[in-house]
Amino acid sequence: MGKLTVRALRAVLTVVLAGTVFVQALMVWALATDPEDGSLPLTPLRLITILGMMSAQVALVCVWRLVTMVRRGTVFSHTAFRYVDVMIGAIVAAALVWFAVTVLNAPGQRDDPGVTVIMGGVGVAILGVALIVHVLRMLLAQAVARDVEAAKMRAELDEVI
């Protein structure tokens, strides 16, 4: 992975992480100062937003760590699985948070249930991302196994020579 690619990805991750921290701070401030007017259940939505941002932050940190491992050439190790597993968990948590938002929003959409259906579809799509990352984890497992096998073959070849 090139230095420019790593720097660009880290810049994007930094901006997104700063944005999520900013949104979390706004939600905490709103929880403390802005009363509910009764039109929407604002307190649960604000708490869910804070949790959703936390799940995104966990995934961002895992991506940062994996990029570091790629840059160092150590991604084909068992340590990478921990970060990938945590990332999968964070994505599933984000999907569950999204489904909670959908449930809270659904009563207000009785006249137009299409919005709720679309929101449910977005939640399923988020779960699909978790499945894609799981497939990539399986590919990583195969690559690690092949790397270990190649190392053993090299050691055997070195003994023969």
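Located above this text is the structure these notes cover.
Here the structure is a predicted model, which is why all the values come from computation and not from measurement. (Residues numbered from 1 in each chain as written. Predicted model: local features only at pLDDT ≥ 70, side-chain atom pairs only at ≥ 80, totals over all residues. Heavy atoms only, no water.)

Enquirer: I tried to follow the overall build of the protein chain on my own but got confused; where do I start?
Expert: From N to C terminus, the protein chain includes four helices and zero strands. Starting at the N terminus, the α and β elements of the protein chain follow one another as α-α-α-α. In terms of overall dimensions, the protein chain is more spread out than a globule: its C-alpha atoms have a radius of gyration of 21 Å, far above the 15 Å expected for 161 residues. By the burial criterion, 25% of the 161 residues in the protein chain qualify as buried. Put simply, 70% of the contacts in the protein chain that link residues at least 6 apart link residues at least 24 apart. Total accessible area on the protein chain is roughly 10400 Å²; 72% of this is exposed by carbon and sulfur atoms. Of the side-chain charges in the protein chain, 13 are positive and 11 negative, and the distance between the mean point of each set is 11 Å. (Helix = DSSP H or I, 4+ residues; strand = E, 2+ residues; numbered from the N terminus. Rg over C-alpha atoms; globule rule 2.2 N^0.38 Å. Buried < 20%, exposed > 50% of the residue type's maximum accessible area, 1.4 Å probe, protein only. Contact = heavy atoms within 4.5 Å. Areas by Shrake-Rupley, 256 points an atom, 1.4 Å probe, with all protein chains shown as cover. Lys, Arg positive; Asp, Glu negative; His and termini not counted. Charge placed at Lys NZ, Arg CZ, Asp CG, Glu CD.)

Enquirer: Is there a simple way to explain the environment of P35 in this structure?
Expert: Within the element layout of this structure, P35 appears in the loop between α1 (3-33) and α2 (42-72). Spatially, the C-alpha atom of P35 lies 56 Å from that of A145, the residues being 110 residues apart in sequence.

Enquirer: Explain the pattern of salt bridges to me, please; I cannot follow it from the model alone.
Expert: Side chains that differ in sign of charge can pair as their charged atoms come close. Here the structure, examined in full by the defined rule, presents one salt bridge. Here D85 and R137 are joined by a salt bridge, their closest N and O atoms 2.5 Å apart. You can see D85 sitting in helix α3 (residues 79-105) and its partner R137 sitting in helix α4 (residues 114-160), a full 52 residues away along the chain. (Salt bridge = Lys/Arg side-chain N within 4 Å of Asp/Glu carboxyl O.)

Enquirer: Explain the nonpolar core to me, please; I cannot follow it from the model alone.
Expert: One broad rule of soluble globular proteins: the nonpolar side chains tend to lie buried together. L66, M69, A80, V84, M87, V133 and L140 are the most contacted members of the largest nonpolar core, which has 17 residues in total. Of all the secondary structure elements, the ones that give two or more residues to this core are α2, α3 and α4. Counting residues per element, this core draws most heavily on α3, at eight residues. Beyond its immediate sequence surroundings of up to four residues, V84 is in contact with L66, V133, R137 and L140. (Core = buried A, V, L, I, M, F, W, Y, C linked by side-chain atoms within 4.5 Å.)

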